[in-house]
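Chains, contacts and geometry: an overview
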Amino acid sequence: MDRQQIVQCLEEAKQHLNQELLPFWLKRCKDDNHGGFITHFDKDGNDTGEDAKSLIAQTRCTYTFSSAHRAGYGGGRCAEFARHGADYLLNRMWDADNGGFYWMTDRKGNVTIDKKVVYGQSFAIYALSEYTLATGDPRGLEHASRTFDLLQTHAADTLYGGYFEMFDRDWTLCGPGAAGGDRKTLDAHMHLMEAYTTLYECSRRQVHRRKLLEVIGLLMQRILHPQNRTGVPQFWADWSVAPQIKFDIIWGWDRFTGGEKKPNPTDNTSYGHNLELVWLLLHALDILGEPITQYEDTIRKAVDHAVRFGIDRQHGGVFVEGSHTGPAWDLEKEFWQQAEALTALLDATLVWGPQYWKDYYDVHRFVFNKMIHHSVGEWWPLMTRDGKPIWTHMSHSWKTNYHTVRSMVQSIRRLEKLLARTK
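Below: a short report on this structure. Just so it is clear, the structure is predicted and the values come from calculations on it, not from any experiment. (Residues numbered from 1 in each chain as written. Predicted model: local features only at pLDDT ≥ 70, side-chain atom pairs only at ≥ 80, totals over all residues. Heavy atoms only, no water.)

**Some remarks on the sheet that holds strand S13 (residues 389–391)**
The strands making up a sheet associate through backbone hydrogen bonding, with each pair oriented either parallel or antiparallel. Reading across from one edge, S11-S12-S13 is the order of the three strands in this open sheet, with antiparallel pairing throughout. Looking at which strands have only one partner, the edges of the open sheet turn out to be strand S11 (333–334) and S13. Of the pairings in the sheet, the one linking S11 to strand S12 (residues 382–383) comprises two bridges and is antiparallel in character. Note on S12: the bridge partner recorded for Lys333 is Met383. (Pairing = 2+ DSSP bridges. Helix = DSSP H or I, 4+ residues; strand = E, 2+ residues; numbered from the N terminus.)

**Concerning the side chain of Asp362**
Residue placement: Asp362 occurs in helix H11 (residues 357–371). A relative accessible area of 16% places Asp362 in the buried class. Discounting residues that sit within four places of it in the chain, Asp362 has contacts with Ile311, Arg313, Gly316 and Gly317. (Buried < 20%, exposed > 50% of the residue type's maximum accessible area, 1.4 Å probe, protein only. Contact = heavy atoms within 4.5 Å.)

**As for the sheet that holds strand S3 (residues 111–113)**
Within the open sheet, the three strands sit side by side as S1-S2-S3. Their pairing is antiparallel. Pairing within the sheet leaves two strands with one partner each, and these edge strands are strand S1 (53–54) and S3. Looking at chain direction, strand S2 (residues 104–105) and S3 are connected through two bridges and run antiparallel. Within S3, the position partnered with Thr105 by the bridge is Val111.

**Quick word on the pattern of salt bridges**
A side chain of one charge can pair with a side chain of the opposite charge if their charged atoms are brought near each other. Scanning the entire structure with this criterion turns up 32 salt bridges. The salt bridge involving Glu80 is made with Lys30; its shortest N-O contact spans 3.7 Å. Taken together, the residues span a long stretch of sequence, with Glu80 in helix H3 (residues 77–93) and Lys30 in the loop between helix H1 (3–28) and S1 at a distance of 50 residues. What makes Glu80 partly exposed here is its relative accessible area of 42%. One network of salt bridges, in which partners are shared, links Arg83, Asp87, Asp137 and Arg139. (Salt bridge = Lys/Arg side-chain N within 4 Å of Asp/Glu carboxyl O.)

As structure tokens, this is what we get:
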């Protein structure tokens, strides 16, 4: 590895995080009138006026400011913003009658969609656990633990394992098909691993440890492709593979441009999800104090599949999706996949050696040369293969600061470790 390249990447990440990315959010997202965060901004960073506050956006912002404060950024302002977010979640989005968090409110905090979506509950656990770790406020862990208990009571499938994901306000399971009550997904279970990791880090309770290990086991045994160890997106209740569809309440896939079906509904995998799962699993094992030995073959296969098929050797960056066994077929570049690839490929370099550095550097250069809208401070959401914006908003309910800020915080930490090794 070229030490000067590491120094360059580290300085670029620090400058972007401290001078562009965090200032973008600290300047404009705190809603002092109604609480919570405003998360809809156009290409110039202007508030679009969208009258919605989603559980995903509010929890992700709360997580982001909590984690940034815990990592030492923001000079105390991130802790202030994190508390502001936690107040909104607990005062306006928590269902005092049935427990759990509503899916959507309007800007003033009135509930507009009262369903209980496990994907959203997982981010509440993640955000509120991180909030307590960052600030010491016990309310975060209290409500994260209560949400965890609700999932074990209402969502856990005691027959086949894992969790059902779509519920009405009173935790009645939704119907089949687009309502989502008959399906299980990689996405929700990966984020439950993420959430339970931080919950266990915060609580150190054995039940949280056991359930984290249980979810890891499901990912290894049921959710990843048995040969290639790549992620399979959707399943029926018994874990047989289901064709990937769009759900009514959340995006059944990360984006779509028309129609209701994937071109390859049972043979598609997301490079971003696979790489995100890699580093989240490594982090979970670290928090658990478990060796990576029994998972190493799976992790290496997932990384090597993404490196072989997912990285664009011509333009840099990571493609969106492709086959479990062959090349990519969706060649556009999505912001969050780049963000997760940066962290995972640095982990691969740290754990298995410098052969993964060029893969990281190819993604880094695409992000810093093309994907970051430097004059505004955030990232373009979706680009052509060669780096021209397709979507131009800086934020909405699904694109907030979670992937981008987390990627920079985690990348800086790993680049500093790599730099120390090259002395």
